[in-house]
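Summary of the model geometry
Residue-level listing of the chains:
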Amino acid sequence: MEAGSTAVKSVGDVGGPTSPTGPRPDSADVRRSAWRRRLSRLDTVVSPYVFVSPFFLLFLLVGMFPLGYTAWVSVHQWGLLSGQGEFSGLDNYRRVLEDRYFWNALRNTFSIFLLSSIPQVLIALGLAGLLDTQLRFRGFWRMSVLLPFVVAPAAVALIFGNVFGDRYGLVNEILQGIGLEPIRWHVDTLASHVAIASMVNWRWTGYNALIFLAAMQAVPRDVYESAALDGAGRVRQFVSITVPMIRPTVIFVGITSTIGGLQIFAEPRLFDTAGLGGSDRQYQTLTMYLWELGWRVRDLGMASAVAWLLFLIIVTFAVLNLLASRRAGSLKGLGRKGAAR
Amino acid sequence: MAQTSFRRRARLASSAILALTLATTVAACGGSDDDGTTADGKIKLTVATFNEFGYEELIDEYNAMQDDVVVEQKKAGTANEHQDNLYTKLAAGSGLSDIEAIEVDWWSALMEQSDAFVDLSDPDVEGRWLDWKTEAATTPDGALIGYGTDIGPEGICYRSDLFEKAGLPTDRDKVASLFSDWDAYFDAGRQFVEKVPGTAWYDSSGGTAQAMINQVEYSFEDEDNTVIAADNPEVKEIFETVTSNVDDGLSTGLTQWSEDWTASFQNDGFATMACPGWMLGVIEGNADGVEGWDIANVFPGGGGNWGGSYLTVPAQGEHTEEAKALAKWLTAPEQQIKAFEAKGTFPSQVDALSDPTLTGETNAFFNEAPTGEILAERAEAVPFIAHKGPKFADINTAYQQAIQRVDEGKETPDQAWDSFLADVERLG
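Since we're looking at a predicted model, the values are computed, not measured.

Across its full length, chain A holds 15 helices and two strands. The buried share among the 341 residues of chain A stands at 42%. A separation of at least 24 residues holds for 65% of the contacts in chain A among residues at least 6 apart in sequence. Of the roughly 18900 Å² of accessible surface on chain A, 68% is carried by carbon and sulfur atoms.

Let us now look at the nonpolar core. Residues and elements named next belong to chain B. Within the largest apolar cluster, 56 residues are counted, with the highest numbers of intra-cluster contacts made by Tyr55, Val71, Tyr87, Ile99, Leu110 and Leu326. For this core, the element with the highest residue contribution is helix α5 (residues 104–111), accounting for six residues. Leu326 has contacts with Leu45, Val47, Tyr62, Val71 and Ile99, leaving out every residue within four places of it along the chain. Judged by nonpolar contacts, the second largest core, of 48 residues, contains Tyr185, Val406, Trp417 and Phe420.

Facing 51 residues of chain A, the contacting portion of chain B comprises 46 residues. Contact with chain B buries area across many residues of chain A, yet A:Leu81, A:Tyr168 and A:Ser279 alone supply 17% of it, more than any other trio. Taken together, the links from chain A to chain B amount to seven salt bridges. A salt bridge links A:Asp280 to B:Arg405, with the shortest nitrogen-to-oxygen separation between them at 4.0 Å. Linking chain A to chain B there are 17 residue pairs in polar contact (both at pLDDT 80 or more). Put simply, the parts of the chain that give the side of chain A that touches chain B at least two residues each are α2 (27–74), α4 (100–131), α6 (153–163), α13 (286–296) and α14 (300–327) of chain A. The element that contributes the greatest number of residues to the side of chain A that touches chain B is α2(A), accounting for nine residues. Tallied by class, residues from the side of chain A that touches chain B come to 24 nonpolar, 15 polar and 12 charged.

Once that is clear, we can look at the pattern of salt bridges. Per the counting criterion, the structure on display carries 28 salt bridges over all chains. Between A:Asp299 and A:Arg95 there is a salt bridge, with its nearest N and O atoms 3.2 Å apart. Remark: A:Arg95 occurs in helix α3 (residues 91–98) and A:Asp299 occurs in the loop between α13 and α14; sequence separation between them is 204 residues. Judged by relative accessible area, which is 13%, A:Asp299 ranks as buried. A relative accessible area of 33% places A:Arg95 in the partly exposed class. Of the charged contacts in the structure, one is a salt bridge between B:Asp84 and A:Arg269, with a shortest N-O distance of 3.3 Å. In this pair, B:Asp84 sits in helix α4 (residues 79–92) while A:Arg269 sits in helix α12 (residues 266–269), so the two residues belong to two different chains. In this pair, the class of B:Asp84 matches that of A:Arg269, namely buried. A network of salt bridges, in which partner residues are shared, links A:Asp99, A:Arg281, A:Glu292 and B:Arg426.

Before going further, it helps to spend a moment on the side chain of B:His82. Looking at where B:His82 falls in the secondary structure, it is placed in helix α4. Exposure remark for B:His82: the relative accessible area of 3% places this residue in the buried category.

All names here are of chain B. All chains considered together, the criterion is met by one disulfide over all chains. Between Cys157 and Cys275 runs a disulfide, and the two sulfur atoms are separated by 2.0 Å. Residues Cys157 and Cys275 are joined through a disulfide that is left-handed, its torsion about the S-S bond being -65 degrees. Taken together, the positions of Cys157 in strand β4 (residues 146–159) and Cys275 in strand β6 (residues 270–276) put the pair 118 residues apart, joining distant regions of the chain. Given the relative accessible area of 0%, Cys275 is considered buried.

Residue and element names in this part refer to chain B. Mapped onto the secondary structure, Pro300 falls in the loop between β7 (293–296) and β8 (305–312). For Pro300, a relative accessible area of 0% translates into the label buried. Residues Pro300 and Asp181 lie 119 residues apart in sequence; the distance between their C-alpha atoms is 4.0 Å. Apart from the residues lying within four places of it in its own chain, the contact partners of Pro300 are Ile156, Phe179, Ser180, Asp181, Trp182, Tyr185 and Gln215.

This part is about the UniProt feature "domain: ABC transmembrane type-1" (unreviewed entry) in chain A. Within this numbering scheme, the UniProt entry marks residues 106–321 of chain A as carrying the feature "domain: ABC transmembrane type-1" (unreviewed entry). Helix makes up 74% of residues 106–321 of chain A and strand 0%, and the two end C-alpha atoms of the span are 18 Å apart.

Attention shifts here to the domain arrangement of chain A. Here the domain parsing of chain A yields domain 1 (1–13 + 27–61) and domain 2 (91–340). On a C-alpha basis, the centroid separation for the pair domain 1 of chain A and domain 2 of chain A is 43 Å.

Now for helix α15 (residues 333–343) of chain B. Structurally, the α-helix is built with 3.6 residues per turn, so residues lying three or four positions apart point the same way. When we look at burial in α15(B), the residues that qualify are B:Pro333, B:Gln335, B:Gln336, B:Ile337, B:Ala339 and B:Phe340. With its phi angle positive at about 80 degrees, B:Gly344 sits one or two positions after the end of α15(B).

Looking now at the side chain of B:Thr49. Residue and element names in this part refer to chain B. Turning to its location among the elements, Thr49 is positioned in strand β1 (residues 43–50). Look at Thr49 and you get buried, because its relative accessible area is 0%. Polar contacts involving the side chain of Thr49 include one to the side chain of Gln73, which spans 2.9 Å. Aside from chain neighbours lying at most four places away, what touches Thr49 is Tyr55, Gln73, Lys74, Lys75, Ala76, His82 and Ala101.

Residues and elements named next belong to chain A. Here chain A averages 85 in pLDDT, and 88% of its residues register 70 or above. Averaged pLDDT values over the elements of chain A bottom out at 41 in helix α1 (residues 2–15) and peak at 96 in α3. In the model, residues 1–20 has pLDDT below 50 throughout and makes 11 contacts with residues more than four positions away in sequence or in other chains. Contacts for the low-pLDDT stretch residues 330–341, under 50 throughout, to residues beyond four places or in other chains number seven contacts.

Residues and elements named next belong to chain A. UniProt feature "transmembrane region" (unreviewed entry): in the numbering of this structure it lies at residues 46–72, 110–131, 143–164, 204–224, 245–266 and 300–324. Each end of residues 46–72 is marked by a C-alpha atom, and these two atoms are 33 Å apart; helix forms 100% of the span and strand 0%. Along residues 245–266 the backbone is 77% helical and 0% strand, and the end-to-end C-alpha distance reaches 34 Å.

This part takes up helix α13 (residues 277–286) of chain B. With eight of 10 residues buried, α13(B) is to be regarded as a mostly interior element. Every buried residue belonging to α13(B) is among B:Gly277, B:Trp278, B:Met279, B:Leu280, B:Gly281, B:Val282, B:Ile283 and B:Asn286, and all of these are buried.

All names here are of chain B. Here the domain parsing of chain B yields domain 1 (31–151 + 307–359) and domain 2 (152–305 + 369–427). Placing a centre on the C-alpha atoms of domain 1 and another on those of domain 2 gives a separation of 28 Å. Listed per partner, the contact involves 20 residues of domain 1 and 22 residues of domain 2. The largest share of the area that domain 1 buries against domain 2 comes from Asp105, Gly307 and Phe346, three residues that together contribute 28% of it. At the surface where domain 1 touches domain 2, the tally comes to one salt bridge. Taking the shortest distance from any N to any O, the salt bridge between Lys388 and Asp105 comes out at 2.8 Å. One can count five residue pairs in polar contact (both at pLDDT 80 or more) joining domain 1 with domain 2. Listing elements by their share of the side of domain 1 that touches domain 2, those giving two or more residues are α5, β4, β8, α15 and α17 (356–359). In terms of residue count, the dominant contributor to the side of domain 1 that touches domain 2 is α5 (five residues).

Criteria and thresholds
In this convention, every chain numbers its residues from 1, walking through the sequence in written order. In the order they appear in the text, chains get letters beginning with A and ligands get numbers beginning with 1. This being a predicted model, a pLDDT of at least 70 is required before a residue's local features are given, and a value of 80 or more before pairs of side-chain atoms are given or counted; all residues contribute to the totals for chains, interfaces and linings. With hydrogens and water excluded, all non-hydrogen atoms of the structure serve as input to the side-chain values. Numbering goes from the N terminus for both helices and strands, where a helix is a DSSP run of H or I of at least four residues and a strand is a run of E of at least two. When a residue's accessible area, from a 1.4 Å probe over protein chains only, is under 20% of the maximum for its type it is buried; when over 50% it is exposed; and in between it is partly exposed. Pairs of residues are marked as contacts when any of their non-hydrogen atoms sit within 4.5 Å. What sets the accessible areas is the Shrake-Rupley method with a 1.4 Å probe; for residues, cover comes only from the shown protein chains. In plain words, nonpolar cores are sets of buried Ala, Val, Leu, Ile, Met, Phe, Trp, Tyr and Cys residues tied together by side-chain atoms within 4.5 Å. We define buried area as the total accessible area lost by two parts upon association, computed with a 1.4 Å probe and summed across both. The salt bridge criterion pairs a side-chain nitrogen of Lys or Arg with a carboxyl oxygen of Asp or Glu, the two atoms within 4 Å. Counting of polar contacts relies on pairs of N or O atoms within 3.5 Å, with two restrictions inside protein: one atom must be capable of donating a hydrogen and the other of accepting it, and residues adjacent in sequence are counted only when both atoms are side-chain atoms. Here the nonpolar group is Ala, Val, Leu, Ile, Met, Phe, Trp, Tyr, Cys and Pro; Asp, Glu, Lys and Arg are the charged ones; every other residue, Gly included, is treated as polar. The disulfide definition used here is simple: a pair of cysteine sulfur atoms within 2.5 Å. UniProt positions are given in the numbering used here, feature names are shortened, and annotations may be inferred rather than shown by experiment. Domain boundaries shown here were taken from an automatic or database domain assignment. For every residue, the predictor reports its confidence as pLDDT, a number between 0 and 100.

Set out below in structure tokens:
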């Protein structure tokens, strides 16, 4: 935005040369300069929108259009291969809401979401706090937390599939080695959620930590100095200064991980080969349920209805998240930041 | 940069409208951007297969023969995965390989979309395949949609070293006489697990049930493709038989193709499995380094056919003529015999069945068993080919899951059956 408005200003300056030292203007000149002034004003008003429009045009095409089209599909009978059928109103929504696997998938999605997002944000905060200190080989440490993020989810699923094998997996072999009962990672509902959440966490924690770190580095160092003079320890500084000072970033990460967390697909999808989330769909998430309806049952109408329901759920949670994090803690810091913008 | 990404996005949007909510999968489904030619102007053909088709060396051979065509194989790990990809790109209208393999379980669902595939009928290939193989690939108006590759006549593969431990005969002829019907096979299993604790009798309940279902002519759907799964006594009986074996420890409790299942080949996880020709290559790969595998010329309850595939040429391809020529070459008897030698995929071509190369084939990994002769006899023992309608694969998945729930102890057999019925109802 800021870059846009400076650009506009300079364009406006060039476009409106009303020099007082020029020749005495006749009436045509006056008219022309009035026209130019108008043009210049128009330029100032319209140009910013022209400059930002490519994004919004793209967004309309790849964001709004699919959204609208999905809504259109969701009110029709629509087969994957047979295509558009009759208009069916909200029938697809009714069928989805009556399907017990929808509610099952909703439960699984929230369970995996909570098991992944909460530890993820907390660990990322702590990790960023550690990375923000005077470490040796800082670059190396900072790079390595991002490493899991670069690995493709399919590869992560492959590795964790072996780690969390029910019978011959690494974790269970260790558990049995120290005399504990093996955990049935693919069978028991909660265990499977933990296994999947740990895949998600492994991948995203470092990424979030780097975002937190970037925000932490913008916190003025003299605040810490005064806190230290007042006798605040490291932990106290972290809790009372660092976290409140990076609140907008915390909110941002909270919302993005809500959006991502409610759409978890690749990890549970690849957790077994059938892709339905286990024999009892104990780890079938909403996106997997959507995929099952669309590609296994081959009913795009119902799949689109699920897509819209998921969209509404995510919007609701993103808003709730925003409200909750605005309310919690000091509003002062946030207010000042907002005013500065 | 913006321009190319714009175009790519536009295409993505139009080909996969629902991509928004599936943002995580879009990257994987984006498909190839190439226009079907290589840098030096040759036509590039892709062949999409799953599991093991035994085409690696054949494709090299074809490439060496051709000056203007380069063939590349895309292998999917499982038939399911391959199928999902096929459906997605069929719906999108682009992105399919020039040749797509299709497994019989899904065949009739795709026959309903026969317009999406090129008619491959050709005087040169008339009479090339077993009649039923060709019939199943011919539409009511006479178009031939697929060229048959293999069929899946089943024997029983077993670990002779573990049999010895249990005091069972190890010689493949004597083993064959043990397994006249399913009850005899399960009884031998009970004997086995008593002697060799820690090792199951068969690889998975699902695989065993699948083998049994394939022996039922009309299992889940009747002649008119009306769904009869819920009321068919044979379906219920197989369910009860297989699930009642769970308490006896006959099953590993694993699902086929899972990581644990693959690992169980290396860990003496089980002693026998239903074994169609194409499974030989899978076993050899998973049990690499394990000695003692053999195959008996028998299948409980007579003969059985499990799987087998076709090669199709999707109409959306850019080089359908060249693809057809390649499919024709790959499915010729001579080539299918080579695929059999490589991975055990048993030919569906009439001329191949009597070919001395085939009947004389032995398999070193399976203790020098005469696999050619055994599978040819197993093919003859198949009394009929089970009917598989458009819903077969979907109902079968639900059936397998129900059995798996019992295997895992999540449900009792009765509960699992009830939830299977609910699933069938849901599939409509």
